[in-house]
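Here is what each chain is made of, one letter per residue.
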Amino acid sequence: EMPLDLVLKQAITLRIHVRELGSGNDVPGAAVTLRPKPIYNTPPRRYIADARGIVEVQGLMPGAWEVLPANVMHLTAEWTLLELADQRGVFEHTLSLDPGLAIAGRVEDAEGQSIRAAISLSGRPSREGARQINRRVDTDASGYFRITGLDPGRYTVMAFIDGTRRRATSASLTGGETDVVLVLK
């Protein structure tokens with residue numbers, strides 16, 4: 001066994017920045033799974049990215065570690081092998097997630113003026129074994145929203161103002177991005 005002070009001197013902090021492939025946008029809430037390689041009898045550990053898309057893990061020992069980023073909003077990525085050198089300090093790494101398909105849209109009143117609203121999306125992707133998806137986002141000041149990381153399938157998009165459902169529409173995703181406009185009367 002190594003003396004405790006030697007172990008602490010070797011401990012490494014791993015800082016992982018999770019970004020969306022293509023746009024480079026941060027992915028807050030991304031799940032990141034970390035495991036040593038070889039695996040030994042250590043179960044993988046799961047971490048959640050903060051609002052900036054960052055996961056920081058302290059106290060790792062030098063050696064090979066595998067990282068798997070995944071998010072219910074993104075398609076699952078492949079395991080990435082990281083070699084943490086025998087050094088103290090912070091090891092930085094960026095992981096990219098495929099954004100998948102998207103539904104984007106705008107909420108407006110009968111006169112075409114933008115309205116801020118809460119958007120709820122629900123549906124089941126068409127791929128076998130897929131689970132029900134439920135997402136919530138807020139529109140920006142111009143009434144626009146975008147939900148990424150979706151698989152092909154049929155979804156219901158609903159607009160809420162002050163907690164009351166005001167409008168709903170269905171959208172089918174087969175590829176790329178599908179646009180919807182929710183007109184509140």
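Definitions and cut-offs
- Residues numbered from 1 in each chain as written.
- Predicted model: local features only at pLDDT ≥ 70, side-chain atom pairs only at ≥ 80, totals over all residues.
- Heavy atoms only, no water.
- Pairing = 2+ DSSP bridges.
- Helix = DSSP H or I, 4+ residues; strand = E, 2+ residues; numbered from the N terminus.
- Axes fitted to C-alpha atoms, helices over the stretch in contact; angles between N-to-C directions.
- Buried < 20%, exposed > 50% of the residue type's maximum accessible area, 1.4 Å probe, protein only.
- Salt bridge = Lys/Arg side-chain N within 4 Å of Asp/Glu carboxyl O.
- Core = buried A, V, L, I, M, F, W, Y, C linked by side-chain atoms within 4.5 Å.

Asks: Quick question: what am I supposed to make of the sheet that holds strand β4 (residues 54–60) here?
Replies: In sheet architecture, strand pairing relies on hydrogen bonds along the backbone and comes in two forms, parallel and antiparallel. One open sheet holds the three strands; their spatial order is β4-β1-β7, and the pairing between them is mixed. Of all strands in the sheet, those bounded by a partner on one side alone are β4 and β7 (89–97). Strand-to-strand, the axes of this sheet are offset by a mean angle of 20 degrees, without reference to chain direction. Strand direction decides the pairing type here: strand β1 (residues 12–20) and β4, joined by five bridges, are antiparallel. When the sheet's bridge partners are listed, Ile16 is paired in β4 with Val55.

Asks: So what exactly am I meant to see when it comes to the pairing of strand β9 (residues 118–125) here?
Replies: Along any regular strand, the residues point their side chains to alternate faces of the sheet. Buried residues dominate β9, accounting for seven of its eight residues. Note: β9 against strand β10 (residues 133–138), six bridges, orientation antiparallel. Bridging from a neighbouring strand, Ser120 pairs with Arg136 of β10.

Asks: Before we go on, may I ask you to explain the pattern of salt bridges in this structure?
Replies: Any two side chains of opposite charge can pair, on the condition that their charged atoms come close. Per the stated rule, a full pass over the model turns up seven salt bridges. With a shortest N-O distance of 2.7 Å, Arg15 and Glu56 are connected by a salt bridge. Separated by 41 residues along the polypeptide, Arg15 in strand β1 and Glu56 in strand β4 bring together distant segments of the chain. Arg15 gets classed as partly exposed once you look at its relative accessible area, which sits at 24%. Among the residues examined, Glu56 registers a relative accessible area of 38% and is labelled partly exposed. Between Glu92 and Arg15 there is a salt bridge, with the nearest N and O atoms lying 2.5 Å from each other. Separated by 77 residues along the polypeptide, Glu92 in strand β7 and Arg15 in strand β1 bring together distant segments of the chain. Three or more residues joined by partner-sharing salt bridges are found here, namely Arg15, Glu56 and Glu92.

Asks: Would you take a moment to explain the sheet that holds β9 for this structure?
Replies: As summarised here, the arrangement of the four strands in space is β10-β9-β12-β13, forming an open sheet in which the pairing is antiparallel. Two strands close off the open sheet at either side, each with one partner strand: β10 and β13 (164–173). Going from strand to strand, the sheet's axes swing by 20 degrees on average, the running direction of each strand aside. Of the strand pairs in this sheet, β9 and strand β12 (residues 153–161) are connected by eight bridges, and their pairing is antiparallel.

Asks: Looking at this structure, I do not really get the nonpolar core. What am I missing?
Replies: Soluble globular proteins: nonpolar side chains tend toward being buried together. Counting residues in hydrophobic clusters, the biggest one holds 21 residues, and the most contacted among them are Ile103, Val107, Ile119, Leu121, Phe145 and Leu150. Within the residue set of this core, elements represented by two or more residues are β8 (101–109), β9, β10, β11 (144–150), β12, β13 and β14 (177–184). The greatest single-element share of this core, amounting to four residues, is contributed by β12. Of all hydrophobic cores here, the second largest spans 18 residues; its members include Val27, Leu34, Ala49 and Leu60.

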